[in-house]
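# Per-entry structural report
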Amino acid sequence: MTVAGKSVIVTGGGTGIGAACARALAADGAAVTICGRTESRLVDIADDIRAHGGTVQHVVTDVTDEAEVAALVAAAVDVYGALHGVVANAGGGGGMGPYHLQDTQEFLRVLHLNVLGTMLSVKHSVRHLMATRGSFVGMSSLAGYRTHLWFGAYTVGKAGIEAMMRNAADEYGPAGVRFNSIRPGFIATEIMEGIPRESPVYASYIENTPLGDVGQPEDVANLARFLISDESRWITGQEIAVDGGHSLRRGPDFSPFVEPMVGPEGLPG
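These remarks concern the structure in this document. A quick note: this is a predicted structure, and the numbers were derived from the prediction, not measured. (Residues numbered from 1 in each chain as written. Predicted model: local features only at pLDDT ≥ 70, side-chain atom pairs only at ≥ 80, totals over all residues. Heavy atoms only, no water.)

## Thoughts on the sheet that holds strand β5 (residues 135-139)
- One open sheet holds the seven strands; their spatial order is β3-β2-β1-β4-β5-β6-β7, and the pairing between them is parallel. Of all the strands in the sheet, the pair left with one neighbour each is β3 (55-60) and β7 (239-242). Direction aside, the axes of adjacent strands within the sheet are offset by 20° on average.
- As paired elements, strand β2 (residues 31-36) and β3 share six bridges and run parallel to each other. Along β3, the bridge assignment pairs Val 32 with Val 56.
- Strands in contact with helix α3 (residues 66-80) are β1 (7-11), β2 and β3; relative to β3, the strand with the most contacts, it is inclined by about 155°. (Pairing = 2+ DSSP bridges. Helix = DSSP H or I, 4+ residues; strand = E, 2+ residues; numbered from the N terminus. Axes fitted to C-alpha atoms, helices over the stretch in contact; angles between N-to-C directions. Contact = heavy atoms within 4.5 Å.)

Encoded structure:
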């Protein structure tokens, strides 16, 4: 239980991977602060964690709003006395389609959610992490380094998170703070439930995954807990995949989803 007694923030902690990370950390004795934009979801996860004996608080936060991120970090430090780790899980996609049809404002929204949200989390947490020689985990994706047709700003945003984590690892390494990225593949979350299991898109995921299945949020949470823990004290600046081997091949083909929106003439080739 090498996270026991640590204060850890999990952004996007109300659903999916973020909720699983919060549960895993709290189960091993961490005092967790979860955030998200929908309070009802945060309350549900917090109640569940407490029901299993964990320590948790929730703070409604939009990670693209600097004042709200600053308040989130302050709440974690004020209530638990310090900050030892951050799992910057908040993110998401949108605006699928080829680049010549991208809506500029939607493209920027996705970049802000992923890149700006992670940067603000670094900015306001790092001085506290320096005091505890803590650990910061950025949530990337298979899409951050393998092409995902028509994913627009999402691929760019996840690649940006990885670049940020590498640079931060170099900048803050002398102060004892570690920065790493996790690269989930197809994980069975609420978002991925939108892909019909009988569809060619789902088949393209399975065909390109050597282990021949999809991952669970707990698979990502187990790695996040390790990267926050003292057991990973000599790991920094790394990108670690949790994808069943999918990264050995190619990304999924979402053309069947996108073509109805843009028409066959909207897709190159």
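## Details of α3
- For α3, with 15 residues, the first-to-last C-alpha span of 21 Å sits near the 21 Å given by 1.5 Å per residue.
- Every buried residue of α3 is listed here: Val 69, Leu 72, Val 73, Ala 75, Ala 76 and Val 77.
- Buried-residue contacts for α3 involve β1, β2, β3 and α4 (104-132).
- Among the residues of α3, the N-terminal cap falls to Asp 65, whose side-chain oxygen and the backbone nitrogen of Ala 67 are separated by 3.0 Å.
- Looking one or two residues beyond α3, the residue adopting positive phi is Gly 81, at roughly 90°. (Expected span 1.5 Å × (residues − 1). Buried < 20%, exposed > 50% of the residue type's maximum accessible area, 1.4 Å probe, protein only. Polar contact = N/O pair within 3.5 Å; in protein donor to acceptor, adjacent residues only side chain to side chain.)

## Quick look at the pattern of salt bridges
- The full count for this structure, using the stated rule, is ten salt bridges.
- Close ionic contact of Arg 109 with Glu 106 constitutes a salt bridge, the shortest N to O distance being 2.9 Å. With a gap of three residues between them, Arg 109 and Glu 106 both fall in helix α4, about one helical turn apart.
- With a relative accessible area of 22%, Glu 106 lands in the partly exposed category.
- One network of salt bridges, in which partners are shared, links Glu 162, Arg 166, Arg 183 and Glu 239. (Salt bridge = Lys/Arg side-chain N within 4 Å of Asp/Glu carboxyl O.)

## Points about the packing of α3 against α4
- Packing of α3 against α4 leaves a shortest axis separation of 9 Å and a crossing angle of 30°. Overall, the two elements α3 and α4 adopt an arrangement that is roughly parallel. Considering the relative orientation of α3 and α4, their crossing is right-handed. On the side of α3, the interface is formed by Glu 66, Val 69, Ala 70, Val 73 and Val 77, while α4 contributes Leu 120, Ser 121, Lys 123, His 124, Ser 125 and His 128.
- Its residues assigned to classes, the contact of α3 with α4 comprises five nonpolar, four polar and two charged. (Parallel < 35°, antiparallel > 145°, perpendicular 65-115°, else oblique. Left-handed = near helix turned anticlockwise from the far one by under 90°. Nonpolar A, V, L, I, M, F, W, Y, C, P; charged D, E, K, R; others polar.)

## Re the packing of aromatic side chains
- One pass over the full model with this rule turns up nine aromatic pairs.
- Note on Phe 151 and Phe 254: the rings are 4.9 Å apart at their centroids and 75° apart in plane angle, and the pair reads as edge-to-face. Of the two residues, Phe 151 is situated in the loop between β5 and α5 (153-172) and Phe 254 in the loop between β7 and α8 (255-262); the sequence distance between them amounts to 103 residues. Considered together, Phe 151 and Phe 254 belong to a single accessibility category, that of buried residues.
- Seen from their ring centres, Phe 186 and Tyr 205 are 4.3 Å apart, and the 50° between their planes marks the pair as tilted. (Phe/Tyr/Trp six-rings, centres within 6.5 Å; stacked < 30°, edge-to-face > 60°.)

Worth remembering: the numbers are spatial, not functional.
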